[in-house]
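A closer look at the structure
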Amino acid sequence: MGRSPVSLSRLKLGKLKVVRRQLLQRYEHQPFVSCLAGLYGCQWRRYQRAKAQPGECCCSRLECSSFALLIVTFVLTLIFLYFWSEAQNDYNDFDWFNFGNLGFWFPWSVVLLVVAAALFTYIALLLVLAVCLLSEGQRLYLHWSHKIGILVTLTFSISATAVLSDLWSKEWTTLLLSFQVTAPFLHVGGVSLMTLLSWPIALHFFRMNKRVRQVALLGLFLAVLFALYLVPLGMYSPCIKEEGTLGPAPTLIGHRGAPMLAPENTQMSFEKAVEAGGEGLETDVTISYDGIPFLMHDSTLRRTTNVHEVFPNRTDTLAAMFTWAELEMLSAGSWFLQRDPFGTASSLDEDEKVQIQNQTIPTLKEFLNLAAQHEKMVIFDLRRPPREHPYRDTWISRTLEVIHNESSINSSQVLWLPADQRSLVQEMDPKLQQTSGDHASIEELQDKHIVRLNLHYSYMSQEQIRKYASVNISTNLYVISQPWLYSLAWCAGVHSVTTNALHVLKKLQRPLFLMTPDEYSLMWILTDIISAFIITAIFIFHWWRERGLPFWSGSRQVNENGPYSKFRTEASEVHGIRWNPLFFDGLSLPRDPEFPLHVPPVHGYPVPI
């Protein structure tokens with residue numbers, strides 16, 4: 001028994017409404033696609049673009065090469081940006097290094113960071129646009145200006161990485177240390193990114209009609225995904241430890257005082273370090289031509305004094321070749337306000353700025369008396385005078401004379417760092433705390449009566465620190481100014497650190513990253529499980545959608561072959577239905593080569609396309 005005319009008309013009317021709704025959805029979606037294609041390839045009009053049909057390649061060979069180059073540039077730029085952002089602890093050293101080579105001050109480190117961040121953002125946006133276009137089934141066409149931008153960014157990343165690796169190779173150690181703090185969060189970020197990428201990957205996997213391409217795409221995706229899932233197995237961090245096993249915070253030693261708040265190696269700088277709560281003070285000692293030990297880090301006076309104004313012909317003369325009377329004529333603070341090496345000068349009030357202008361070079365005696373007054377321990381490097389200097393051979397004894405006879409400090413407050421004539425110094429004053437800058441064996445250190453090590457933070461090792469501590473040799477690391485690096489030293493059991501940012505690190509109540517093994521395992525496993533569930537759901541959804549949803553018409557099943565199929569309305573299915581403009585609510589649909597429609601005339605009335 002056949003259907004009634006009324007039920008048949010309703011069925012066919014419903015199908016026309018489905019067609020109308022799908023058409024509206026597609027045309028309303030066009031502004032979004034146009035925006036993507038316009039930003040990526042300057043293809044703002046629909047006729048400039050072409051769709052990639054199921055199973056076809058997304059673009060030409062040239063555009064495939066451009067897309068591959070975009071991915072490579074993204075990876076290399078990300079590596080450099082992460083590398084340089086984690087090197088902030090040593091930005092000051094980098095800028096002063098350039099000052100020594102170029103002869104003028106400029107914050108190169110910050111400029112390099114800003115440029116790297118800007119270029120990475122640009123490349124990341126291009127990559128996002130490309131992925132979105134692929135998800136929309138569009139063929140990729142990268143505009144020539146973007147191709148030039150990619151090449152410039154790639155050249156910058158490679159060149160900057162090569163130069164810094166040559167001049168600043170220790171920063172790769174800093175990069176490896178940073179993973180001990182950031183690896184758990186990088187793992188979560190990496191897994192999240194792969195989870196997001198699973199949407200376009202699954203879409204194109206089920207669209208491909210060549211098995212080799214499918215296997216290659218899915219194999220590469222799963223290899224990266226499983227590698228990320230298993231990365232935590234090889235991760236080590238001293239900040240992942242059982243609850244209650246964290247030791248006390250390392251004591252803080254002001255590196256040349258408080259150089260972020262006042263000019264380094266000045267009386268004001270050391271007073272600021274004491275006010276900030278530093279337990280120790282670090283400096284560098286040089287002996288003047290007439291035998292007065294004074295505080296100066298560099299071999300010349302060019303960087304931290306106005307020697308170019310007072311003695312313009314002696315700018316490059318060694319500091320030790322000046323008499324004390326000449327050194328007293330120099331300002332040791334005006335340079336701080338002019339160059340603002342840490343970007344902190346604006347936070348100072350007017351009285352402090354006036355005080356800075358009046359700073360002079362301190363003597364070792366003044367430094368030791370300040371430490372004695374506040375009961376602070378001191379550590380200093382001692383520069384041996386150059387040849388032709390009157391104190392070339394008596395520099396050690398002259399320094400000890402100041403400690404014993406001219407200052408009020410107790411010898412036990414002094415961490416004696418100079419390695420020259422150590423045995424003689426030990427005999428003359430056994431109360432001095434013998435400190436070594438050598439990463440030597442325990443037996444060798446004990447033979448020299450070493451009680452403290454003063455090492456660069458790149459030598460940080462929880463195992464070594466524990467070995468030294470087991471024989472009562474404490475460890476001091478320099479120069480640590482970033483909170484994440486200080487947190488790592490804290491977790492590793494370091495006893496003290498020398499820092500430029502004493503006022504910042506003093507505020508830390510606990511390490512920035514601290515987690516028990518159980519908490520970390522839970523974080524890791526949950527991240528992987530949730531990611532695997534979402535990715536599986538995405539692949540199932542695309543498999544289900546690409547095979548189409550069943551629509552029943554009587555005893556016959558009709559399948560829509562996925563989102564990229566063409567709309568088809570057979571004449572037999574719409575027979576008996578007159579064209580009514582109300583069905584389309586006055587919608588005027590222009591011809592679009594991207595969406596070909598095949599709708600035959602009904603009762604002699606052509607359907608407007």
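Residues numbered from 1 in each chain as written. Predicted model: local features only at pLDDT ≥ 70, side-chain atom pairs only at ≥ 80, totals over all residues. Heavy atoms only, no water.

1. What about the pairing of strand 7 (residues 452-456)?
Burial runs high along strand 7: five of the five residues are buried. By the alternation rule, side chains of strand 7 split into R452, N454 and H456 and L453 and L455, which are all buried. Pairing of strand 6 (residues 433-436) with strand 7 involves two bridges; the strand directions are parallel. Bridging across to strand 7, S436 finds its partner in L453. Crossover handedness for the path strand 6 to helix 16 (residues 442-447) to strand 7: right-handed. (Buried < 20%, exposed > 50% of the residue type's maximum accessible area, 1.4 Å probe, protein only. Helix = DSSP H or I, 4+ residues; strand = E, 2+ residues; numbered from the N terminus. Pairing = 2+ DSSP bridges. Right-handed = clockwise from strand over helix to strand, strands pointing away.)

2. Quick notes on the packing of aromatic side chains
Think of a pair of aromatic rings as described by two things: how far the centres are apart, and how the planes are tilted against each other in angle. Taken as a whole and judged by the stated rule, the model has 29 aromatic pairs. Ring geometry for F94 versus W168: centroids 5.7 Å apart, planes at 85°, classification edge-to-face. You can see F94 sitting in helix 3 (residues 91-102) and its partner W168 sitting in the loop between helix 5 (144-167) and helix 6 (171-207), a full 74 residues away along the chain. F94 sits in the buried class, given a relative accessible area of 9%. Judged by its relative accessible area of 15%, W168 is buried. (Phe/Tyr/Trp six-rings, centres within 6.5 Å; stacked < 30°, edge-to-face > 60°.)

3. A closer look at a nonpolar patch on the surface
A cluster of nonpolar side chains, namely I71, V72, V75, L76, I79 and I158, defines an oily patch on the protein surface of about 450 Å² accessible area. Turning to its location among the elements, I71 is positioned in helix 2 (residues 61-85). A relative accessible area of 36% means that I71 is categorised as partly exposed. (Patch = residues over 30% accessible without salt bridge, like charges linked within 9 Å, V, L, I, M, F, W, Y side chains within 5 Å. Areas by Shrake-Rupley, 256 points an atom, 1.4 Å probe, with all protein chains shown as cover. Salt bridge = Lys/Arg side-chain N within 4 Å of Asp/Glu carboxyl O.)

4. Brief notes about the UniProt feature "transmembrane region" (unreviewed entry) in the chain
UniProt's feature table lists "transmembrane region" (unreviewed entry) at residues 67-85, 105-134, 146-165, 185-203, 215-236 and 522-544, given in the numbering used throughout. Measuring from the first to the last C-alpha atom of residues 105-134 gives 47 Å, for a span that is 90% helix and 0% strand. Across residues 215-236 one finds 73% helix and 0% strand; the C-alpha atoms that close the span lie 34 Å apart. (UniProt positions renumbered as here; feature names shortened; annotations may be inferred.)

5. So, the pattern of salt bridges
The tally for this structure, following the rule as stated, stands at 15 salt bridges. For the salt bridge of E264 with R256, the shortest nitrogen-to-oxygen distance reads 3.1 Å. The burial state of E264 is the same as that of R256; both residues are buried. Where R302 meets D316, a salt bridge forms, and the shortest distance between an N and an O atom there is 3.7 Å.

6. Side note on the packing of helix 7 (residues 211-230) against helix 20 (residues 517-546)
When two helices pack together, their arrangement is given by the angle between the helix axes and by the axis-to-axis distance. Here helix 7 crosses helix 20 at 160°, and the two axes come no closer than 11 Å. Judged by the angle between their axes, helix 7 and helix 20 are roughly antiparallel. Crossing handedness for the pair helix 7 and helix 20: right-handed. Contacts between helix 7 and helix 20 involve L218, F221, L225 and Y229 from the first element and W524, D528, S531, A532, I535 and F539 from the second. Residue classes in the contact of helix 7 with helix 20 are distributed as eight nonpolar, one polar and one charged. (Axes fitted to C-alpha atoms, helices over the stretch in contact; angles between N-to-C directions. Parallel < 35°, antiparallel > 145°, perpendicular 65-115°, else oblique. Left-handed = near helix turned anticlockwise from the far one by under 90°. Contact = heavy atoms within 4.5 Å. Nonpolar A, V, L, I, M, F, W, Y, C, P; charged D, E, K, R; others polar.)

7. Examining the pairing of strand 1 (residues 251-255)
Of all five residues making up strand 1, four are buried, and the element is well covered by its neighbours. Where strand 1 and strand 2 (residues 280-287) come together, three bridges link them in parallel fashion. Within the sheet, the bridge partner assigned to H255 lies in strand 2 and is E282.

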